[in-house]
Amino acid sequence: MFDLFCGIWSEPGCAYAPFITMNVRDEDDPVMLSKRLNRLYKAGFGGVVIRHAGSCSDPYFSRLGLILEKAKNRGMSVIIEADDSVVSERSGKLGRLCPMDSAAAHLPAFRVFRKTEKGRTASVSLTAGEGLEPYEIGYTEDPSMPDRLCDAYAEAVISMILEPVSERFGKYLGSTLAGFMLRRAGAECVFPGETGTVPWNENIYGGFLSSGGDMEALMSLLEEPLVKKTGREAGHIMKQILCSCFCRYALDPLRKWCDGKNLLLFADSFDPLDPTVADHVSAPGACLSDFHGAKLAADCARHRGLPKCWGVIDGSEDLSAVQDRIYTAVRSGCNMTVIVNDADPCADPLGEEREEDLRIVTSFIKRMSWLASSGSDLPEAAVLCSPEHLPKRQAGKLAEAGYSFNYLTVRDLMERAHVHGDGIHIDRYEYGTVLVDSAMRIDAEILRKLGELMAGGGVCIRSGGFAQAALQVPRGDHFRTDGGPDPFISRYRKSGCDFTVFCNPHDEPVSGEYITENSCGSKWFDPVNGDISPAFCSAVDKGFSYRVTVPSGGCAVLGADPGALPLLREEAPDPRETGLISSEAAGTDKDTFSADRGFAKAEFSVDGIGGFTEVRVNGKKAGTLALRPYTLDISRLTSEGVNTVKTGRPVKGGVVRLYR
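Anyway, here's the lowdown on the structure attached to this text. The model shown is predicted, which means the values in this text are computed figures rather than measured ones. (Residues numbered from 1 in each chain as written. Predicted model: local features only at pLDDT ≥ 70, side-chain atom pairs only at ≥ 80, totals over all residues. Heavy atoms only, no water.)

### Side note on the environment of Ser376
Keep this limit in mind: Counting from the N terminus, the helices are DSSP H or I runs at least four residues long and the strands are E runs at least two residues long. When a residue's accessible area, from a 1.4 Å probe over protein chains only, is under 20% of the maximum for its type it is buried; when over 50% it is exposed; and in between it is partly exposed. Contacts are residue-level and defined by heavy atoms, with any inter-residue pair within 4.5 Å sufficient.
With respect to the element layout, Ser376 can be found in strand 16 (residues 376-377). Residue class for Ser376 comes out buried when judged on its relative accessible area of 11%. Along the sequence, Ser376 and Glu430 sit 54 residues apart, while their C-alpha atoms lie 9.9 Å from each other. If we skip the residues at most four places from it in the chain, Ser376 touches Arg428, Tyr429, Tyr492 and Arg493.

### With respect to unusual backbone geometry
With phi around 50°, Ser495 is a residue other than glycine that occupies positive phi space. In this structure, Ser495 sits in the loop between strand 25 (488-494) and strand 26 (497-503). For Ser495, a relative accessible area of 56% translates into the label exposed. In the Ramachandran plot, Asn618 falls in the positive-phi region, its phi being about 55° despite a non-glycine side chain. Secondary-structure assignment places Asn618 in the loop between strand 37 (613-617) and strand 38 (620-625). Judged by its relative accessible area of 31%, Asn618 is partly exposed.

### Comments concerning the nonpolar core
Cut-off, in case you're wondering: Throughout this description, the term nonpolar core refers to a set of buried Ala, Val, Leu, Ile, Met, Phe, Trp, Tyr and Cys residues connected via side-chain atoms within 4.5 Å.
Ranked by size, the top nonpolar core spans 86 residues in total, and within it Ile50, Leu162 and Phe180 carry the most contacts. Residue contributions to this core peak at nine residues, all from helix 9 (residues 355-373). The residues touching Ile50, leaving out its near neighbours within four places in the chain, are Met22, Val24, Tyr60, Leu64, Ile67, Val78, Ile79, Ile80 and Glu81. One finds Ala595, Val615, Leu637 and Val651 within the second-largest nonpolar core, a separate group that totals 20 residues.

### Brief notes about the sheet that holds strand 21 (residues 429-431)
This is how it is decided: When DSSP locates at least two bridges between a pair of strands, those strands are taken to pair. Fitted lines through C-alpha atoms serve as axes, helices being fitted only where they are in contact, and the angles separating the N-to-C directions of these axes extend from 0 to 180 degrees.
With respect to topology, three strands assemble into an open sheet ordered 19-20-21, the strand pairing being antiparallel. At either margin of the open sheet sits one strand with a lone partner, and together these are strand 19 (418-420) and strand 21. On average, adjacent strands in this sheet sit at an angle of 35° to one another, irrespective of strand direction. Where helix 12 (residues 444-455) meets the sheet, it contacts strand 19, strand 20 (423-426) and strand 21, and its direction lies at approximately 20° from that of strand 19.

### Observations regarding the pattern of salt bridges
Keep this limit in mind: The working definition used for a salt bridge is a side-chain nitrogen of Lys or Arg within 4 Å of a carboxyl oxygen of Asp or Glu.
Under the criterion given, the structure shown has 19 salt bridges. Arg168 is paired through a salt bridge with Asp58; the nearest N and O atoms lie 3.0 Å apart. Pair noted here: Arg168 is in helix 4 (residues 150-168) and Asp58 is in helix 3 (residues 58-73), with a separation of 110 residues, a long-range link. Note on Arg168: relative accessible area 47%, which makes it partly exposed. Of the charged contacts, one joins Asp482 and Arg547 as a salt bridge, the two residues approaching to 2.3 Å between their closest N and O atoms. Taken together, the residues span a long stretch of sequence, with Asp482 in the loop between strand 24 (478-481) and strand 25 and Arg547 in strand 30 (residues 543-550) at a distance of 65 residues. The exposure class of Arg547 is partly exposed, given its relative accessible area of 33%. Here the residues in one salt-bridge network are Lys295, Asp299, Arg302 and Asp377, joined through shared partners.

### Quick look at the environment of Glu355
With respect to the helices and strands, Glu355 occurs in helix 9. Since its relative accessible area comes to 32%, Glu355 is described here as partly exposed. Through-space distance from the C-alpha of Glu355 to that of Lys42 is 8.2 Å; in sequence the pair is 313 residues apart. Once residues lying within four places of it in the same chain are set aside, the contact partners of Glu355 are Arg39 and Ala43.

### Quick notes on the packing of aromatic side chains
Basically, it comes down to this: Here the aromatic set is Phe, Tyr and Trp, taking the six-membered ring for Trp, and pairing holds for ring centres within 6.5 Å; pairs whose planes are under 30 degrees apart are stacked, those over 60 apart are edge-to-face, and all others are tilted. A positively charged side chain is recorded as over a ring if its NZ (Lys) or CZ (Arg) lies within 6 Å of the ring centre. The angle to the ring normal must also be within 35 degrees.
Evaluation of the coordinates by the stated rule reveals 17 aromatic pairs. Taking the centre distance of 6.0 Å and the plane angle of 55° together, the rings of Tyr327 and Phe364 count as tilted. Of this pair, Tyr327 sits in helix 8 (residues 319-332) while Phe364 sits in helix 9, and the two are 37 residues apart along the sequence. With 6.4 Å between their ring centres and 55° between their planes, Phe479 and Phe502 make a pair best called tilted. Of the two residues, Phe479 is situated in strand 24 and Phe502 in strand 26; the sequence distance between them amounts to 23 residues. Of the two residues, Phe479 and Phe502, both sit in the buried class. Every member of this aromatic cluster is reached through a ring pair, and the members are Phe2, Phe5, Trp9, Trp370, Phe499 and Phe525. Over the ring of Phe405 we find Lys295; its NZ or CZ atom is 5.2 Å from the centre of that ring.

### A word on the sheet that holds strand 40 (residues 641-647)
Spatially, 34-40-37-38 is the arrangement adopted by the four strands of the open sheet, whose pairing is antiparallel. Edge positions in the sheet fall to strand 34 (592-595) and strand 38, since each of these pairs with one other strand and no more. Shown here is a sheet whose adjacent strand axes are inclined to one another by a mean of 30°, direction ignored. Pairing geometry for strand 34 and strand 40, over four bridges, is antiparallel. Paired with Phe593 across the strands is Asn643, a residue of strand 40.

### Digging into the pairing of strand 1 (residues 19-23)
This is how it is decided: Note on handedness: a crossover is taken as right-handed if, strands pointing away from the viewer, the path from the first strand over the helix to the second is clockwise.
Most of strand 1 is tucked away, with five of its five residues classed as buried. The alternating pattern of strand 1 places Phe19, Thr21 and Asn23 on one face and Ile20 and Met22 on the opposite face, and all of these are buried. As judged from the five bridges shared by strand 1 and strand 2 (residues 47-51), these two strands associate in the parallel manner. When the sheet's bridge partners are listed, Asn23 is paired in strand 2 with Arg51. Crossover connection from strand 1 via helix 2 (residues 30-43) to parallel strand 2: handedness right-handed.

### Quick look at helix 3
Each α-helix turn comprises 3.6 residues. Residues three or four places apart therefore point the same way. Keep this limit in mind: Expected helix span is computed as 1.5 Å times (number of residues minus one).
The terminal C-alpha atoms of helix 3, which comprises 16 residues, lie 23 Å apart, in line with the 22 Å expected from a rise of 1.5 Å per residue. Just downstream of helix 3, Gly75 is the residue with a positive phi angle, here 70°.

### Considering the pairing of strand 14 (residues 310-314)
Within strand 14, four of the five residues are buried, leaving the element largely enclosed by the surrounding structure. Considered for its hand, the β-α-β crossover made up of strand 13 (residues 283-287), helix 7 (residues 291-303) and strand 14 is right-handed.

Shape is all these values report; function is a separate question.
Following this line, the structure appears as structure tokens:
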């Protein structure tokens, strides 16, 4: 099995390929669309996300059908992004939520009105809390404001996008056409002479959004004597009401329709800190610029057994930032990556002239997302959370310290988790330690479940500083730094084989020893070039020590082969450990270097590069410098005497190092 994994790593399969956004419009040239799709296929993308142009014309369907057929022939998948504005002609004097002037600090944060036969009467008035934007909830006769849109949104999306596509291309549903995506879902409400836009996931507090007509439920919650009358409490109530209404009126009907067609419904969480959205979609996702949002979406998907969890990478960012986003996907557990370019939706995110760049990036994503695409991660603890309370600050401290954890929702703990021995089990996941913030409300049933964990020998830490308490507990496998920063460490198990990922987002190199109790033989995996090399270790007390060095922005993967014995460093010395013979500038103004007799390894590295470049040694291709660290092993092409090294584009600080 480990040999199979090594083969996947060196030649990643299309099952783990990323997706890329692609526009299809009525005026597009069919020949150019076909060439573009073929170029993306050769670059390594496993599918495309078609941004719906808001058109259902015959030319549009003709071009969409061409894409579907070409994708089917190439084994690619297609997802329709169905979040363009839909038109609702509904109007009326219904309940709505609208922001008041945020500068008016003297105004109450919430005013809830009840409509009676004699007119409107204010029933609850709450003062604004710190950081809470004032809102007014009530009834309006202003036709310029959008009204109740939640219940019309799903109906419009289904009738204007989903059903026309399914009727035309039924033979592709569930195969080539994998599903529909809601990434920036909104609704456009058209009244005579007025237009308004209603975003639901960009900023649920910042736009206009109806409460779905559920005003009585809102008022009953606010008037409940047990509910604290504070701005923070009112904000939680409002958020739950809005999320519940939108899920009921929009996501649930869309999910039901997609399930009937054997399609997946991809959707962002409209609040990156709200775990409830995973209950209503078949493939949750989040922007990879927000680690906590991505991890929360991935954890919800894992706990519920959902097949996909996707993360968004902005292709207009520089390549180092793209690499950091990929690391976020690995650390958070997202197993599907979509590259988009919001700055110019009509352009390819990484440019038409950079096919080699695309190949390197897609291969890198395939190898790293492969770790999270199946099997299970091996977290050290579970952080208990709920939609009303997410300890982001404490979880951030755990992430900064490289402490592996998963979010565990109260619902999963109470309905799906079982306590066996000294751990809480959910499907194939096991948590021996549960971390609970003291600010979270704990009832008797939750305490009983946690008590079962502790009675069996498990650990439960509940405090305002649970992160510090958890970090003080002795850990099994751990990293012992040489004095610099610690890397982010993620551990995975796939079919009995363990993999450890070291990600270094810091501006300085990371070096140290990784101490593990694993007694299997191991190999190092290069996520950029797909190289595989043996890993040598030293026997230490309670395990084995592997020397780890990860340059700034670099990444390393250590895989354990359960059918092999560890290779001790004394039996087969690593050339790096015996010292550097010589270092000579090359690849910049000087393209030659001399190799003395007796060298065991030669490396070419640069400090910086404006993109990607091919490296040739003595006229033969040695590889491609792509992402950090910018280093290539050129031993096989280096001979004694004078050698040449040339790069396809200018580089900074090129140097060749020879090791004994």
